[in-house]
Amino acid sequence: MTFKRPLWHMPAAAPLKMRANIGVTAAALLLCALIGSGRVGATTPSSAASMPPRLTQAQWDALFKAADKRITSLRLRAIIRLRSYTTKSQAEWLNKQMRKALSPKAWQFYKHKYGSVPGHGAAGYGVQLMEVQLDWNVPERLINARTIQFGVQTLGLGGEVRKSPRITIWVAGRRLEWHATFFHGIWAVSLYKRNSAWARQRWSNWWTASGSADIAYARSPFAASFSRGTRGTKTGHFHISSHLIRQKYDPSSGIIQLVYELFHKRKPLAIFRGGLHGRVEVYYNLKLAGGLRLYRKAVEVVNGFQRVLKSEFDFRRFKKSGGVWFPTRIRDRAWGGKEFKRLEQDETIKISHLAVNRIFPPGRFQYTPPFGATVYDGRTNKTYVVGLNNPGVPPAAPGEGAGGKKGSDAGK
């Protein structure tokens, strides 16, 4: 288990209500339409379209919001590799939570199995490697995510690599949510009513464990990372807003750079760490010609003339699908330690089999557990085994996948 994106490292994501300014919105939407048609950023020096777009913060915000709404569905396969650092205090907290969650007997077994420093609660670097297959109806929040986690470096065991894979399936349908795990030859399945209190509580865990949270940065880096407007949003105990302070244009490459400064309670957000005292700036490098593409996002701590890189996203190898440019190579790095000199997170996402705005067939966001699976039904607080005592799901034949169909995602 690792800590990803510390609180102050993760800019607020909830959008600000747009001002009721018809001129601003119309101008931004018109520019967005021109972006989609490829008429912005022409290279002819004499053309008016070759001039850099100078937009207000509200106009940029409306443009990004409109571009984000163009993606209505997503199907992809990705390989995600995360190398992250767990500090000693984080490890102690993880072990404390594990001890609370387990019975005394299970805790003793856990300690015996993973050594004197229990496995995932050990300080140091760890590696997670997973393959994700994701179908996502974005507006309706319907998800069918299948994740294979393999080659996981277990902390506390001298870097030993676990060879047996772990498969998880998360299906969020219109009425029900399923979460299935296949480990050591056993399917364990949980079923809950959609939007129930327990399902809402578990959503963030499933969202992260399935790799969907990571893919969200590729789907719409702006929506996932922008703090829109000047009112800001509440993130934990912080009230953070971003102010557009500079925008530059490189006519030779067509790259636009937007620079935002982060504020807390209307004052510049200050970072005090390792003897460093500085304000926070966020940089975005993007291109509009032929369609919106974001190439880089960086967070820097600025202390006078000194600049320290805190985190950086790189978006590369864009593929156009469904009328949208989509990055298929993403790298996310974050630095910590004394004065941000230790690389604490290094994540790469390689996306293949990409299809944007695909219409999914009926039943794609339904799930039937495979034969022999142990199912806990959170609606009735009952547990049953598929094929033996199953009150609501038709059994699958032995050796077949979910729903009794050979070669289905759940059965592989």
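Our subject is the structure that appears above.
Criteria and cut-off values
- Residue positions are given per chain, counted from 1 along the sequence in the order it is written.
- The model is predicted, so local features are restricted to residues of pLDDT at least 70 and side-chain atom pairs to those at 80 or more, both for listing and for counting; the totals for chains, interfaces and linings are taken over all residues.
- Side-chain descriptors were evaluated using all non-hydrogen atoms of the structure, hydrogens and water having been removed beforehand.
- Each helix corresponds to a stretch of at least 4 residues labelled H or I by DSSP, and each strand to a stretch of at least 2 residues labelled E; elements are numbered beginning at the N terminus.
- The buried label applies to any residue whose accessible area, calculated with a 1.4 Å probe on protein chains only, is under 20% of its type's maximum; exposed applies above 50%, and partly exposed to all values in between.
- Whether two aromatic rings pair depends on their centres lying within 6.5 Å, for rings of Phe, Tyr and Trp, where Trp uses its six-membered ring; planes under 30 degrees apart make the pair stacked, over 60 edge-to-face, and the rest tilted.
- Note on geometry: a ring has a charge over it if NZ (lysine) or CZ (arginine) is within 6 Å of the ring centre and within 35 degrees of the ring normal.
- Only buried residues count toward a nonpolar core, which is a set of Ala, Val, Leu, Ile, Met, Phe, Trp, Tyr and Cys residues joined through side-chain atoms within 4.5 Å.
- We call two residues contacting when some pair of their heavy atoms lies within 4.5 Å.
- Salt bridges are defined by distance alone: a side-chain nitrogen of Lys or Arg within 4 Å of a carboxyl oxygen of Asp or Glu.
- Here a polar contact is recorded for every N or O atom pair within 3.5 Å, except that within protein the pair must consist of a potential hydrogen donor and a potential acceptor, and residues adjacent in sequence are included only if both atoms are side-chain atoms.
- Helix span, as expected, comes to 1.5 Å for every residue beyond the first.
- At least two DSSP bridges between two strands are needed for those strands to be called paired.

**Q** Could you clarify how one ought to interpret unusual backbone geometry in this entry?
**A** Negative phi is the rule for most residues except glycine; trans is the rule for most peptide bonds. For His-353, which is not glycine, the phi dihedral falls at a positive 55°. Along the chain, His-353 falls in strand 18 (residues 342–356). Given the relative accessible area of 55%, His-353 is considered exposed. In the Ramachandran plot, Asn-381 falls in the positive-phi region, its phi being about 60° despite a non-glycine side chain. Mapped onto the elements of the fold, Asn-381 is located in the loop between strand 19 (374–377) and strand 20 (382–385). Note on Asn-381: relative accessible area 57%, which makes it exposed.

**Q** Before we go on, may I ask you to explain the packing of aromatic side chains in this structure?
**A** Given two aromatic rings, their pairing is described by the distance between the two centres and the angle made by the two planes. Evaluated as defined, the whole model comprises 16 aromatic pairs. Between Trp-136 and Trp-207 the ring centres are 5.3 Å apart and the planes differ by 80°, which places this aromatic pair in the edge-to-face class. With a gap of 71 residues between them, Trp-136 in strand 2 (residues 124–137) and Trp-207 in helix 5 (residues 197–209) connect regions that are remote in the sequence. Overall, Trp-136 belongs to the buried group, its relative accessible area being 5%. Pairing Phe-360 with Phe-365 gives two aromatic rings, centres 5.3 Å apart and planes at 85°, and the pair type is edge-to-face. Residues Phe-360 and Phe-365 agree in their burial class; the two are buried. Across from the ring centre of Trp-325, 4.5 Å away, lies the NZ or CZ of Arg-293, which sits over that ring. Above the ring of Tyr-85, the side-chain terminus of Arg-342 is found at 4.0 Å from the ring centroid.

**Q** Would you mind showing me how to read the nonpolar core here?
**A** For soluble globular proteins, the rule of thumb is that nonpolar side chains tend to be buried together. Of all hydrophobic cores here, the largest spans 60 residues; its most connected members are Trp-60, Phe-64, Leu-76, Ile-143, Leu-258, Leu-286 and Phe-326. Element by element, the count of residues in this core is highest for helix 6 (residues 212–219), at 5 residues. What Leu-286 contacts, discounting residues up to four positions off in sequence, is Trp-60, Phe-64, Phe-222, Gly-254, Ile-255, Ile-256, Leu-258, Leu-292, Arg-293, Leu-294 and Tyr-295. Formed by 15 residues, the second largest nonpolar core is a distinct cluster that contains Val-171, Leu-176, Trp-187 and Val-386.

**Q** Looking at this model, I keep getting lost on the pattern of salt bridges. Mind explaining?
**A** Pairing is possible between side chains that carry opposite charge, provided their charged atoms lie close to one another. Counting across every chain of the model gives 14 salt bridges. When the shortest N-O distance is used, the salt bridge between Glu-177 and Arg-194 registers 3.6 Å. Here Arg-194 lies in the loop between strand 8 (186–193) and helix 5 and Glu-177 lies in strand 7 (residues 176–183), a separation of 17 residues in the sequence. Residue classification places Glu-177 among the buried residues on the basis of a relative accessible area of 1%. Within this structure, Arg-246, Arg-279, Glu-281, Glu-300 and Arg-307 form a network of salt bridges that share partners.

**Q** Even after reading the chapter, I still don't get the side chain of Arg-194, so can you show me in this structure?
**A** A residue is classified by how much of its surface remains accessible, and Arg-194, at 11% relative accessible area, is buried. Polar side-chain contacts of Arg-194 include one of 3.1 Å to the backbone oxygen of Arg-141. Leaving out residues up to four positions away in the same chain, Arg-194 has contacts with Glu-140, Arg-141, Leu-142, Ala-172, Gly-173, Arg-174, Arg-175, Leu-176, Glu-177 and Trp-203.

**Q** Can you help me understand helix 2 (residues 57–69) in this one?
**A** Given 3.6 residues to a turn, an α-helix orients residues that are three or four positions apart in the same direction. Taking 1.5 Å as the rise per residue, helix 2 with 13 residues should run 18 Å; its terminal C-alpha atoms sit 18 Å apart, in good agreement. For helix 2, a buried count of 11 out of 13 residues is recorded, marking the element as mostly surrounded by other parts of the structure. Every buried residue of helix 2 is listed here: Gln-57, Ala-58, Gln-59, Trp-60, Asp-61, Ala-62, Leu-63, Phe-64, Ala-66, Ala-67 and Asp-68.

**Q** Hey, could you run me through the pairing of strand 6 (residues 166–172) in this one?
**A** As a general feature of sheets, a regular strand has side chains that alternate between the two faces. Counted residue by residue, strand 6 has 6 buried out of 7 residues, so it is predominantly covered. Across 6 bridges, the pairing between strand 6 and strand 7 is antiparallel. Paired with Ile-169 across the strands is Ala-180, a residue of strand 7. Count of turn residues in the strand 6/strand 7 antiparallel hairpin: 3 residues.

**Q** Whenever I open this one, the environment of Gln-366 confuses me. Can you help?
**A** Tracing the backbone shows Gln-366 in the loop between strand 18 and strand 19. A relative accessible area of 60% means that Gln-366 is categorised as exposed. Remark: the alpha-carbon pair of Gln-366 and Arg-174, spanning 192 residues in sequence, is separated by 8.5 Å.

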